[in-house]
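# Structural features, examined
This is what each chain is made of:
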Amino acid sequence: MGSKDVIYRRVSGTLTNVGTSEETTIQLPVQAARTYLVHKFHFVRTGGSAATYSLELGRSATWTTGDIDELVAYSTGVAVATKVNTVFAAPVPIRSDSDGKIYLRPGFNTGSDNDAKYALIVQLVKGGAS
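The model shown is predicted, which means the values in this text are computed figures rather than measured ones.

## Re the overall build of the chain
- Secondary structure assignment for the chain yields 0 helices and 10 strands.
- Helices and strands in the chain line up, N terminus first, as β-β-β-β-β-β-β-β-β-β.
- At 15 Å, the chain has a C-alpha radius of gyration in line with the 14 Å of a compact globule built from 130 residues.
- Along the first, second and third principal axes, the C-alpha set of the chain runs to 50 × 25 × 20 Å.
- Expressed as a percentage of its 130 residues, the buried residues of the chain come to 41%.

This is the structure we're talking about:
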């Protein structure tokens, strides 16, 4: 397999006026259920009244924390001044929902005025359509 067979995509977005229990939809490159490898996840809180956040990524809208559809969960109560810039030692496999989406919960501890930016570097797994 040559390097031309591996294609990475950056998926990014901005969150504005996010509250404590909001969930953000992240559209991945293919709008169908697919398996991806996440190589990097970056999250920066840019404003608002929260003091901490607790990031989670899930496969389905309104998943339950700790259930099978929770893909990645970071430590709870991360200080908002702490940026998440994770380059995974081994890529994290994730499976999108049927529309090619995953879901981000920033988990801000207070307020409805929180802003942030996020970016993921993902790789589509060949044959990951089943």
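## Notes on the layout of surface pockets
- If you add up the space inside the largest pocket, you get close to 190 Å³.
- Taken together, 10 residues line the largest pocket, and the ones lying closest to its centre are Asp5, Val6, Ile7, Gln123 and Leu124.
- Residue composition of the lining of the largest pocket, grouped by class: 6 nonpolar, 1 polar and 3 charged.

## Quick word on the sheet that holds strand S8 (residues 84-95)
- The antiparallel open sheet is built from 4 strands, whose spatial order is S1-S10-S3-S8. With one partner strand each, in any of the chains shown, strand S1 (8-18) and S8 form the two edges of the open sheet. Ignoring strand direction, the axes of neighbouring strands in this sheet form an average angle of 25°.
- Direction of pairing for S1 relative to strand S10 (residues 114-124): antiparallel, over a ladder of 9 bridges. The residue bridging Arg9 from the neighbouring strand is Val122, located in S10.

## As for the nonpolar core
- Judged by nonpolar contacts, the single largest core of 27 residues is most densely connected at Ile26, Phe41, Phe43, Leu104 and Leu120.
- Apart from the residues within four sequence positions on either side, Phe41 is in contact with Leu55, Leu57, Tyr74, Val84, Asn85, Thr86, Phe88, Leu104, Ala119 and Leu120.

## A look at the packing of aromatic side chains
- All told, the structure shown has 4 aromatic pairs when counted by the stated rule.
- A centroid spacing of 5.8 Å and a plane angle of 35° characterise the contact between Phe41 and Tyr74, whose relative ring orientation is tilted. Highlighted residues: Phe41 in strand S3 (residues 35-47) and Tyr74 in the loop between strand S6 (70-73) and strand S7 (78-79), separated in sequence by 33 residues.
- Looking at Phe41, the relative accessible area reads 2%, which means it is buried.

About the cut-offs
Residues numbered from 1 in each chain as written. Predicted model: local features only at pLDDT ≥ 70, side-chain atom pairs only at ≥ 80, totals over all residues. Heavy atoms only, no water. Helix = DSSP H or I, 4+ residues; strand = E, 2+ residues; numbered from the N terminus. Rg over C-alpha atoms; globule rule 2.2 N^0.38 Å. Buried < 20%, exposed > 50% of the residue type's maximum accessible area, 1.4 Å probe, protein only. 1 Å grid on protein atoms, 1.4 Å probe; cavity = no way out; pocket = protein on both sides within 12 Å on 5 of 7 lines; lining within 4 Å. Points joined across faces, edges and corners; volume = space filled by probe spheres on them. Nonpolar A, V, L, I, M, F, W, Y, C, P; charged D, E, K, R; others polar. Pairing = 2+ DSSP bridges. Axes fitted to C-alpha atoms, helices over the stretch in contact; angles between N-to-C directions. Core = buried A, V, L, I, M, F, W, Y, C linked by side-chain atoms within 4.5 Å. Contact = heavy atoms within 4.5 Å. Phe/Tyr/Trp six-rings, centres within 6.5 Å; stacked < 30°, edge-to-face > 60°.

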